[in-house]
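# Structural overview for review
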Amino acid sequence: MPNNNQPSNNPWGGNKSPPDLNEIIQKIRNVKKILPGGNPFNFGIILIVLLIALLIKSAIYTVYTVPSDSVAVVQRFGLYVYTVLPGLHFKLPLGIDLVEIVPVKRQLKQEFGFSTPEANNPYQSALLFDQVRETQMVTGDLNAALVEWVVQYRISDPVKFLFEVRQPSATLRYVSESVMREVVGDRTVDEVITVGRQDIESEALMKMQELSRKYEMGFSIDQVQLKNITPQFLFRRLSMKSIRRNKKKKS
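Computed from a prediction, not measured in an experiment: that's the story for all the values here.

From N to C terminus, the chain includes 8 helices and 9 strands. Within the span of the chain, comprising 251 residues, buried residues form 29% of the whole. Taking as baseline every contact in the chain between residues at least 6 positions apart, the subset at least 24 positions apart corresponds to 68%. For the chain, the accessible surface area stands at approximately 17,300 Å², while carbon and sulfur atoms represent 57% of it.

Okay, here's the thing in structure tokens:
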């Protein structure tokens, strides 16, 4: 008499037998019959249709247009490959080629101390709470003035613009503010307000161009134009300390 308590060596568990191959095939056929038309051949047709739709979608994304005032920088697997001119072009699909449109013929500008409403360039003007701060400057005779100005520029080298400097437009704002503070700080408040405006614009333009080439930002600085300049108050404490220092040196 067999012992029911003895563990079974059957890998299928208990008295179960392995699945029948014909039964598995029949189940697969039953699933295919659920497809439209009840014909297993329709399964292959659906696969072909899906494949064609995928190819059409990929073909659509391989076509791109470059505007007349721009060029396109093409990267393949993240590496720069070439630059293409305006017109209709093709790229490799599925993320192999990435295209970056750069407006090289468009005149761009950055505003300091004010902002033009509905500007498209996020770096054209600073945030509202920064607009006053960036214009507060100290002249060479220790007076304070609020200086507003505009920098007009173009993207001359799209490859350097994209790959040489991180956030080049933000870097240009920092460079412009630093240069303007230096130039204004070398002049008296009367020169800044009246006769020295043109000299300030010329010197600031020259220094910005030099720094742009040094850091390879890919910009061409075309013009620096001063706007409103408002003198503030005298730094009397600083002036008195400076006068006292000068007297001590002379004595």
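From this point, the narrative continues.
Summed over the entire model, instances satisfying the criterion amount to 4 aromatic pairs. Taking 6.3 Å as the distance between ring centres and 55° as the angle between the ring planes, the aromatic pair formed by Y80 and F163 counts as tilted. Residue Y80 is located in strand β3 (residues 79-84), and its partner F163 is located in helix α4 (residues 158-163); the two are separated by 83 residues in the primary sequence. For Y80, a relative accessible area of 38% gives the class partly exposed. The class of F163 is partly exposed, set by a relative accessible area of 37%. Here the aromatic rings of F112 and W149 are separated by 4.3 Å at their centres, their planes lie at 5°, and the arrangement is stacked. Taken together, the positions of F112 in strand β6 (residues 108-112) and W149 in strand β8 (residues 143-155) put the pair 37 residues apart, joining distant regions of the chain.

This next bit is on the pattern of salt bridges. Counted according to the given criterion, the structure contains 11 salt bridges. Across the pair R133 and E177 runs a salt bridge whose closest N-O atoms are separated by 3.0 Å. Taken together, the residues R133 in the loop between α3 (128-131) and β7 (136-138) and E177 in helix α5 (residues 168-185) connect sequence positions 44 residues apart. Take R133: its relative accessible area is 38%, and that puts it in the partly exposed class. For E177, a relative accessible area of 11% corresponds to the buried category. Taking the shortest distance from any N to any O, the salt bridge between K207 and E203 comes out at 3.2 Å. A residue pair is termed a helical-turn pair when its members lie 3 or 4 positions apart in one helix, as K207 and E203 do in helix α7 (residues 197-214) at 4 residues. One connected set of salt bridges, linked through shared partners, spans D130, R133, E177 and R181.

On to the pairing of strand β1 (residues 63-66), then. Burial along β1 is one-sided: Y64 and V66 are buried, while V63 and T65, pointing the other way, are not. For β1 and strand β4 (residues 87-90), the ladder comprises 4 bridges, and the chain directions are antiparallel. Bridging from a neighbouring strand, V63 pairs with F90 of β4.

Here the focus is the pairing of β3. Across 5 bridges, the pairing between strand β2 (residues 71-76) and β3 is antiparallel. Bridging from a neighbouring strand, A72 pairs with V84 of β3. Between the antiparallel neighbours β2 and β3 lie 2 residues, among them F77 with a positive phi of about 55°.

Quick notes on the rules
Residues numbered from 1 in each chain as written. Predicted model: local features only at pLDDT ≥ 70, side-chain atom pairs only at ≥ 80, totals over all residues. Heavy atoms only, no water. Helix = DSSP H or I, 4+ residues; strand = E, 2+ residues; numbered from the N terminus. Buried < 20%, exposed > 50% of the residue type's maximum accessible area, 1.4 Å probe, protein only. Contact = heavy atoms within 4.5 Å. Areas by Shrake-Rupley, 256 points an atom, 1.4 Å probe, with all protein chains shown as cover. Phe/Tyr/Trp six-rings, centres within 6.5 Å; stacked < 30°, edge-to-face > 60°. Salt bridge = Lys/Arg side-chain N within 4 Å of Asp/Glu carboxyl O. Pairing = 2+ DSSP bridges.

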